[in-house]
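Structure assessment
What follows is the residue order along each chain.
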Amino acid sequence: MKANPLPLIAVLLPILAVAGCADPEPASKREPGGQAAGERLGASDASPTARPVSIGEGGTRFAACQGRGRVGGLRGGELPVRDAPFDGAKQVGALTDDTHVFVCTRSLDQQWLGVVVGPSPSSQAAPEGAAAPPTDEAAPAAAVDCGVTRPVRTKQPYAGPCLSGWVENTFVAAVAN
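The following refers to the structure shown. (Residues numbered from 1 in each chain as written. Predicted model: local features only at pLDDT ≥ 70, side-chain atom pairs only at ≥ 80, totals over all residues. Heavy atoms only, no water.)

**Quick look at the state of the cysteines**
Rule in force here: By definition, disulfides here are pairs of cysteine sulfur atoms that lie within 2.5 Å. The helix count covers DSSP runs of H or I at least four residues long, the strand count covers runs of E at least two residues long, and both are numbered beginning at the N terminus. For every residue, the accessible area obtained with a 1.4 Å probe (protein chains only) is divided by the maximum for its type, and the residue is called buried under 20%, exposed over 50%, and partly exposed between those limits.
Considering all chains together, one arrives at two disulfides under this definition. The residue that forms a disulfide with C65 is C104, at a sulfur-sulfur distance of 1.8 Å. Taking the torsion about the sulfur-sulfur bond, which here is approximately 85°, the covalent link between C65 and C104 counts as right-handed. With C65 in the loop between strand 1 (54–55) and strand 2 (67–71) and C104 in strand 5 (residues 100–106), this residue pair connects regions lying 39 residues apart in the sequence. There is no split in this pair, since C65 and C104 are both buried. Covalent S-S linkage joins C146 and C162, the inter-sulfur distance amounting to 2.0 Å. Its torsion about the S-S bond being -85°, the disulfide of C146 and C162 is classed as left-handed. In this pair, C146 sits in the loop between strand 6 (112–117) and strand 7 (156–157) while C162 sits in the loop between strand 7 and strand 8 (163–168), placing the two residues 16 residues apart along the sequence. We classify C146 as buried; its relative accessible area is 3%. When the cysteines of the chain that form disulfides are numbered from the N-terminus onward, they connect as 1-2, 3-4.

**Brief notes about the nonpolar core**
One broad trend across soluble globular proteins is that nonpolar side chains are buried collectively. Cut-off, in case you're wondering: By nonpolar core we mean a set of buried residues, namely Ala, Val, Leu, Ile, Met, Phe, Trp, Tyr and Cys, connected to one another through side-chain atoms within 4.5 Å. Residue contacts are defined here by distance: any two heavy atoms, one from each residue, within 4.5 Å place the two residues in contact.
In this structure, I55, V116 and V148 are the most contacted members of the largest nonpolar core, which totals 14 residues. Breaking this core down by element, the ones donating at least two residues are strand 5 and strand 6. With residues up to four places along the chain from it excluded, the contact list for V148 reads I55, A63, A64, C65, F102, V116 and Y158. With 12 residues, the next largest nonpolar core counts L95, V103, V117 and V167 among its residues.

See below:
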């Protein structure tokens, strides 16, 4: 009598299907941002999950970044600036209380702001031997031209000279233009 191969195939087929779907590198060995253990990005390398800050979302009749904000509520800490709108994204900078930013875009869940940060007036050093220029504490650092106060032709990733990235909206209060 000849044996029926169907029961054997019925048992082996699910095992082979599951074995083919196995992850060659367990998630526990991966770092946030999809990097494999042992792989490190250079300081200037963007992470694979990086999402540039978009400017020009308001159209050609409005400034490239329509809002301004001021960082606050950090209790002496720093606010990380990330290259994508989530906690595990690579940190590209940090902001302190009272830093002024241009708000250019928001994440879909409204929890993250895409910002452009100009240098603060206090970081602009006076020439050696010259007295430091007086600073008006009420004047926002956002008055420095990062190329986002004028309209742009189309919505596009920010590629200007200033720091850009994503910050949690909890720590940024809107300020009047």
